[in-house]
There are 2 protein chains.
Amino acid sequence: MATPLLVSFIAGDRGPWRIVASAAVIGDALPAAARLTMAEAPVEDRPSVWTLRGITSNHRYTSRDEALALRARQQGLGRTEARCAALIPIRKSAAWWDLAQDERRAIMEERSRHIAIGLDYLPAVARRLHHCRDLGLSAAGEPFDFLTWFEYAPEAAADFERLVERLRATEEWRFVEREVDVRLMRDT
Amino acid sequence: MATPLLVSFIAGDRGPWRIVASAAVIGDALPAAARLTMAEAPVEDRPSVWTLRGITSNHRYTSRDEALALRARQQGLGRTEARCAALIPIRKSAAWWDLAQDERRAIMEERSRHIAIGLDYLPAVARRLHHCRDLGLSAAGEPFDFLTWFEYAPEAAADFERLVERLRATEEWRFVEREVDVRLMRDT
C-alpha cells in the first residue's frame, strides 16, 4: 500500500477523456461537461464545470485473503486497450456511517459480496477507489464519500454494465443516498 | 456518528492551554512552544510554531459491542474539572498500512487490547481521535497519521500515565514510527 495519492477529477472543456454520458442514479446529477482530466499530481485550481477530489487509502474492509486474490488478478490503470472509463461518485447515508466496523463489513461483504463481485470482473475491469469523506478540504464537507474510477476495453462494456447492476441490487446500496454515473471514452 | 469535524491544534504564544511538557517518544520531537489552541471551527492560517490538523471520522475498528460499551461510559471534552490534557500525535509504519483490515484489527484489539485498555480509564480520561493520514491538505503528506487528544482532572494524572504505559507496551506499538507526547494544563 503506497502513500495516499490525492487525485482530482476535473470536468470542463478539455482533458483526454470525453464524457459520453452523465446520469444521476440516486439524488442530484452533476452539471454537464464535455471532457475530463484525471490529475494524479497536485494541480492549480483552474476553471472547471466541476472538480471532485479523492484520496487513495489503505484497505478499510478487505481481509488478507481477499487482498491476495485481488492482487493476483487485478491490472493497473492506463492499459492501452482500456479506452472506456466510468467515474461513479457515491455518498452514503448517516445511518451507514453510524454503524460499527463489524456491522459495515457484514453488510458490505458477508451479505452484499461487494469485494467478491468486483473480483468476478478482474482483470477486464480495472478499478481504483478514492475516499473523500474525511478530506477536510472544504468547511462544508465533501459532496461525496467515494469516487470510484473504472477502466475497461470496449469489449468489456457489457461486463461492466452487469457489474454495476449487481452492486446496485445489494443490501449495501440501500445506504447510498447519492450516486452519479459518468461514462467516458479516451481518444486514440 | 456526526459529520467529520476538522480540528486544528495550533501551538504558539497564545491559547487557553499551557504546554507544560513536550517530548519525543519515538522519532523527532515537535518544536517547543508555550501555549496551544484547539480550534474546532475552520481558522484562518495564522503564525504558529506548529499547527497539526486532523479530522474526526467513523469507527475504523470498533465493533458494535465495543461502541456501546464506550458510549455507555465515556464523557465529552470540556469538563470543568478536566484541566489536564495530552496531545499525542502518532505515525505508523508502511508495514502497518500494508496490512489488510483483519490483520490490523487482530493486532490492535485481539492481541493489543487497545479499545479495552481505553475503556479501563473511562470516564476519567476523555479521549477524541483525529485522523490525518488521508487529509489531502498537503502535497507532501501529513507528518502524522493520528492525533489523539485526552482530557482529565489532575486527580486522574497517575491513571493517565498508566494508560499510555500500557498502550506503549503493546504489539500494536511496534508499528509506531513516530510519537510525540505533549502535556497541557488549562488556566482556571
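Residues numbered from 1 in each chain as written. Chains lettered and ligands numbered in written order. Predicted model: local features only at pLDDT ≥ 70, side-chain atom pairs only at ≥ 80, totals over all residues. Heavy atoms only, no water.

### So, the relation of the copies chain B and chain A
Moving on, step 1. The transformation that overlays chain B on chain A combines an axial shift of 0.0 Å with a rotation of 180°, and the residual RMSD is 0.0 Å. Seen this way, the second copy is the image of the first under a two-fold rotation axis. Residue Leu135(B), judged by its C-alpha, is the member of chain B lying nearest the rotation axis, at 2.2 Å.
Moving on, step 2. Comparing contact sets, 100% of the residues at the interface of chain B also lie at the interface in chain A, consistent with an isologous, same-surface contact. (Least-squares fit on C-alpha atoms with pLDDT ≥ 70 in both. Contact = heavy atoms within 4.5 Å.)

### Describing the side chain of Thr37(B)
Residues and elements named next belong to chain B.
Moving on, step 1. By secondary structure assignment, the location of Thr37 is in strand 3 (residues 35-39).
Moving on, step 2. Exposure remark for Thr37: the relative accessible area of 15% places this residue in the buried category.
Moving on, step 3. A distance of 3.3 Å separates polar atoms of two side chains, one belonging to Thr37 and the other to Arg46.
Moving on, step 4. In contact with Thr37, not counting residues within four places along its chain, are Ser8, Phe9, Ile10, Arg14, Gly15, Pro16 and Arg46. (Helix = DSSP H or I, 4+ residues; strand = E, 2+ residues; numbered from the N terminus. Buried < 20%, exposed > 50% of the residue type's maximum accessible area, 1.4 Å probe, protein only. Polar contact = N/O pair within 3.5 Å; in protein donor to acceptor, adjacent residues only side chain to side chain.)

### Digging into the side chain of Arg133(A)
Moving on, step 1. Secondary-structure assignment places Arg133(A) in the loop between strand 6 (126-131) and strand 7 (146-152).
Moving on, step 2. In contact with Arg133(A), not counting residues within four places along its chain, are Trp97(A), Phe144(A), Asp145(A), Ala2(B), Thr3(B) and Pro4(B).

### A few points about the pattern of salt bridges
Oppositely charged side chains are able to pair whenever their charged atoms sit close together.
Moving on, step 1. Tallied over the full model, the rule gives 32 salt bridges over all chains.
Moving on, step 2. The network of salt bridges with shared partners includes Glu161(A), Arg168(A), Glu179(A), Asp181(A) and Arg183(A). (Salt bridge = Lys/Arg side-chain N within 4 Å of Asp/Glu carboxyl O.)

### Let's talk about the pairing of strand 1 (residues 6-12) of chain A
Residue and element names in this part refer to chain A.
Moving on, step 1. Within strand 1, six of the seven residues are buried, which leaves the element mostly enclosed by the surrounding structure.
Moving on, step 2. With six bridges connecting them, strand 1 and strand 4 (residues 50-55) associate as antiparallel partners. Bridging across to strand 4, Ala11 finds its partner in Trp50.
Moving on, step 3. Note: strand 1 against strand 3 (residues 35-39), five bridges, orientation antiparallel. Note on strand 3: the bridge partner recorded for Phe9 is Met38. (Pairing = 2+ DSSP bridges.)

### Some points on the environment of Glu155(A)
All names here are of chain A.
Moving on, step 1. One can find Glu155 in the loop between strand 7 and helix 5 (157-168).
Moving on, step 2. Overall, the relative accessible area of 70% leaves Glu155 in the exposed class.
Moving on, step 3. Sequence spacing of Glu155 and Ala124 is 31 residues, and the spatial spacing of their C-alpha atoms is 9.1 Å.

### As for the interface of chain B and chain A
Moving on, step 1. Contact residues are listed per partner, giving 31 residues for chain B and 31 residues for chain A.
Moving on, step 2. Each partner contributes to the roughly 2600 Å² buried at the junction of chain B and chain A, and carbon and sulfur atoms together form 46% of this total.
Moving on, step 3. Where chain B touches chain A, the interface holds four salt bridges.
Moving on, step 4. Close ionic contact of Arg60(A) with Asp134(B) constitutes a salt bridge, the shortest N to O distance being 2.8 Å.
Moving on, step 5. Along the contact surface separating chain B from chain A lie 14 residue pairs in polar contact (both at pLDDT 80 or more).
Moving on, step 6. Going through the elements one at a time, helix 1 (64-73) and helix 3 (101-111) of chain B are the ones with two or more residues in the side of chain B that touches chain A.
Moving on, step 7. Among the elements that take part in the side of chain B that touches chain A, helix 3 of chain B stands out by supplying four residues, more than any other.
Moving on, step 8. Class assignment of the residues belonging to the side of chain B that touches chain A gives a composition of 13 nonpolar, nine polar and nine charged. (Buried area = accessible area lost by both parts, 1.4 Å probe. Nonpolar A, V, L, I, M, F, W, Y, C, P; charged D, E, K, R; others polar.)

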